Amino acid sequence: MEFLGAGWADGLASTPEGLVPRFDPDVMVAMIAEHCRRDYWAEWARVRCPVTLVLGQNGIIPAEDVARMGIEPHVVAGAGHDVHLDAPEAVRSSLVRLCAAVAG
C-alpha cells in the first residue's frame, strides 16, 4: 500500500500554504456530477471488443452494475477502487491475460 500513498501524493503540489491539488477542484466536481447524471448503458451495449474488468474487492461499483455488464470481473483481493494503485501487478497480469486471449 506504500505505492498508493505515492500515487495520490503525485497529484499534489507544494505551495507556501501547504499541499494543494494539481487540478482544479471545481472542474473535478463538475466532471463527476456530469458522470453521475449520464446513463452509459446504451454505449456499453455497443462495445464489441474483448473487455477485461478488473475490480478491487473493496471498490465502489455496485454489484448490480457489474452483473449488468455481463462479463466476469477479475476481483483483486484487498484492493479498493484505485486497484491500479493498490495492486499494479494484478492489473498488469489481467491485461496480459486479455491480450493473450485476444491474440490466441
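Structure first, text after, so check above.
Residues numbered from 1 in each chain as written. Predicted model: local features only at pLDDT ≥ 70, side-chain atom pairs only at ≥ 80, totals over all residues. Heavy atoms only, no water.

Under the counting rule described, the total for this entry stands at 3 salt bridges. The partner of E34 in a salt bridge is R37, and the shortest N-O contact between them spans 3.3 Å. Here E34 and its partner R37 are both found in helix 2 (residues 25–37), 3 residues apart, which amounts to about one turn of the helix. Under the relative-accessibility criterion, E34 is labelled partly exposed at 37%. One salt bridge connects R92 with E89, and the closest N-O pair in it is separated by 2.8 Å. Taken together, the residues span about one helical turn, with R92 and E89 both in helix 6 (residues 88–103) at a distance of 3 residues. With a relative accessible area of 46%, R92 lands in the partly exposed category. (Salt bridge = Lys/Arg side-chain N within 4 Å of Asp/Glu carboxyl O. Helix = DSSP H or I, 4+ residues; strand = E, 2+ residues; numbered from the N terminus. Buried < 20%, exposed > 50% of the residue type's maximum accessible area, 1.4 Å probe, protein only.)

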